[in-house]
Amino acid sequence: MSKKALVLSGGSIKGAFQAGAIKDILTSGTFQPDVIYGTSVGCLNGAFIAERAGRAVAAGSAPNWIQIANELEMFWLKNINSFEKIGSKKSGFSLLFNVLFKKFDGFIDTKPLRRLVRKTIDIQYLKKSPIDFFACSVNLKTSKAVYADAKNEQFTEDMYDYIIASTAIPMVMPVRMIREAPFVDGGIREIAPLSQAINDGATEIYCIVCQPKELNLSNFNRKNAIKLMERETAIVSNETVNNDIDRCFEVNEILRMDGTNGFKNKRHIDLTVVRPLESIKLDLEKFDTEQIRSAMKNGWERSQEERGVNDVRIVDEAANPVGI
């Protein structure tokens, strides 16, 4: 039986690109996921979609995918349009004190983001959703990636914490403690959880990655601790996701040419990858609504290109009211 998986990578506020690509596939009717795997900002986008689908089911109706796509777009434009909406930088004195007394917990206070997640996502609707949703974070104690599922009683009570943990950029944002274990961004192990989707039986995967295949940001401030750590993390995680994607395509090609010869435990995966052609120029510490809108438009157009739409600039006004 066909199982469609939407795999959403990490990428901080570059997740606006992802939101644009999601809007394209949902409004076009191209792809309606059975399951979503999200890492970091992909966890936030994925939880939003699954939760809104759960709201529809709870109200006794089928999910309106165009409406959900539009709501995701508006969520970004209204709520993630400046750094102050998601966090605040800690003072130099506070950082020095915390380092000296071994209380360091990131360079950014993410209280605004935590409040936004609780305000936006209702775990009860995630439990009722027709879409299975998995939030990927990493347990620093065990070094293992953990896929939290709101429908699994093991994770339900702490689901907000797992979503917040998934968005916690290592060193930049606070570690999230869950039942006495430290959790951070799932991207340090699974920037785009393709392997988990495949292992769980996905036959068709739509993977939206927030970074290009080749990172090409040359102008970053190496003396800015936050930007330096973001850059180093991006390099390591991008190599990982590139390898995962390339491996999947290689296996598909071998299976096409030679059948199951030598790959008895492998199967063909119908994989579509959407990613920007160049690095998205969004600064975590300084961005605005128009930059978010531009990144979403980029994601919308790149998704259409991957689907083979002839003119990505021609859009349906009914499905695109804000005009990304």
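Scroll up to find the structure.
Residues numbered from 1 in each chain as written. Predicted model: local features only at pLDDT ≥ 70, side-chain atom pairs only at ≥ 80, totals over all residues. Heavy atoms only, no water.

A. Inspection of the environment of Ile 164 at higher detail. Turning to its location among the elements, Ile 164 is positioned in helix H8 (residues 159-166). In this structure Ile 164 comes out as buried when scored by relative accessible area, which is 9%. When the C-alpha atoms of Ile 164 and Leu 44 are compared, they prove to be 8.4 Å apart, with 120 residues separating the residues in sequence. Apart from residues no more than four positions distant in its own chain, Ile 164 is found in contact with Leu 113, Arg 114, Val 117 and Arg 176. (Helix = DSSP H or I, 4+ residues; strand = E, 2+ residues; numbered from the N terminus. Buried < 20%, exposed > 50% of the residue type's maximum accessible area, 1.4 Å probe, protein only. Contact = heavy atoms within 4.5 Å.)

B. Molecular detail of the packing of aromatic side chains. On inspection of all chains with the given rule, the structure shows 6 aromatic pairs. When the ring of Phe 48 is compared with that of Phe 75, the centres are 5.3 Å apart and the planes differ by 40°; the resulting orientation is tilted. One end of the pair, Phe 48, is in helix H2 (residues 41-58); the other, Phe 75, is in helix H3 (residues 65-79), and 27 residues separate them in sequence. Here the two residues Phe 48 and Phe 75 agree in accessibility, since each one is buried. Three or more aromatic residues link up through ring pairs in this structure, and these residues are Tyr 37, Phe 134 and Tyr 147. In this arrangement the basic side chain of Arg 52 is found over the ring face of Phe 48, its NZ or CZ atom lying 4.1 Å from the centre. (Phe/Tyr/Trp six-rings, centres within 6.5 Å; stacked < 30°, edge-to-face > 60°. Lys NZ or Arg CZ within 6 Å of the ring centre and 35° of its normal.)

C. Just H3, in detail. The first and last C-alpha atoms of H3 sit 21 Å apart over 15 residues, in line with the 21 Å expected at 1.5 Å per residue. For H3, the complete set of buried residues consists of Trp 65, Ile 68, Ala 69, Asn 70, Leu 72, Glu 73, Phe 75, Trp 76 and Leu 77. In this fold, the buried residues of H3 make contact with helix H1 (15-28), H2, helix H5 (111-120) and helix H11 (289-307). The N-terminus of H3 is capped by Asn 64, whose side-chain oxygen sits 3.3 Å from the backbone nitrogen of Ile 66. (Expected span 1.5 Å × (residues − 1). Polar contact = N/O pair within 3.5 Å; in protein donor to acceptor, adjacent residues only side chain to side chain.)

D. Molecular detail of H1. Under the 1.5 Å per step criterion, the end-to-end length of H1 is 20 Å for 14 residues, consistent within 8% with the ideal 20 Å. Summarising burial for H1: 13 of the 14 residues are buried, a large majority. Looking at the residues trailing H1, positive phi occurs at Gly 29, about 75°.

E. Highlighting the packing of H3 against H11. Where H3 meets H11, the axes come as close as 9 Å, and the angle between the chain directions of the two elements is 150°. With respect to each other, H3 and H11 are oriented roughly antiparallel. Contacts between H3 and H11 involve Glu 73, Trp 76 and Leu 77 from the former and Thr 289, Ile 292, Arg 293 and Met 296 from the latter. Tallied by class, residues from the contact of H3 with H11 come to 4 nonpolar, 1 polar and 2 charged. (Axes fitted to C-alpha atoms, helices over the stretch in contact; angles between N-to-C directions. Parallel < 35°, antiparallel > 145°, perpendicular 65-115°, else oblique. Nonpolar A, V, L, I, M, F, W, Y, C, P; charged D, E, K, R; others polar.)

F. Spatial organisation of the environment of Gly 29. Structurally, Gly 29 is set in the loop between H1 and strand S2 (35-39). The spatial distance from the C-alpha of Gly 29 to the C-alpha of Ile 66 is 8.6 Å, given a sequence separation of 37 residues.

G. Quick look at the side chain of Asp 161. In this fold, Asp 161 is placed in helix H8. A relative accessible area of 15% places Asp 161 in the buried class. Of note is the side chain of Asp 161, whose polar atom sits 2.8 Å from the side chain of Arg 176. For Asp 161, the contacting residues outside a window of four places in its chain are Arg 176 and Ile 178.

H. Layout of unusual backbone geometry. Positioned with a positive phi, Ser 12 is a non-glycine residue whose angle comes to about 55°. Summarising the element assignment, Ser 12 is placed in the loop between strand S1 (4-8) and H1. Judged by relative accessible area, which is 17%, Ser 12 ranks as buried. Non-glycine residue Glu 180 carries a positive phi angle of around 70°. Within the element layout of this structure, Glu 180 appears in the loop between strand S7 (176-178) and strand S8 (181-185).

I. Quick look at the pairing of S2. Most of S2 is tucked away: 5 of the 5 residues are buried. Alternating residues of S2 divide into Val 35, Tyr 37 and Thr 39 and Ile 36 and Gly 38, and every residue in both groups is buried. Bridging between S1 and S2 involves 4 bridges; their strand directions are parallel. When the bridges of S2 are listed, Val 7 appears paired with Tyr 37. Two strands pair when backbone bridges link them, and S2 and strand S5 (residues 132-139) are joined in this way by 5 bridges, in the parallel orientation. (Pairing = 2+ DSSP bridges.)

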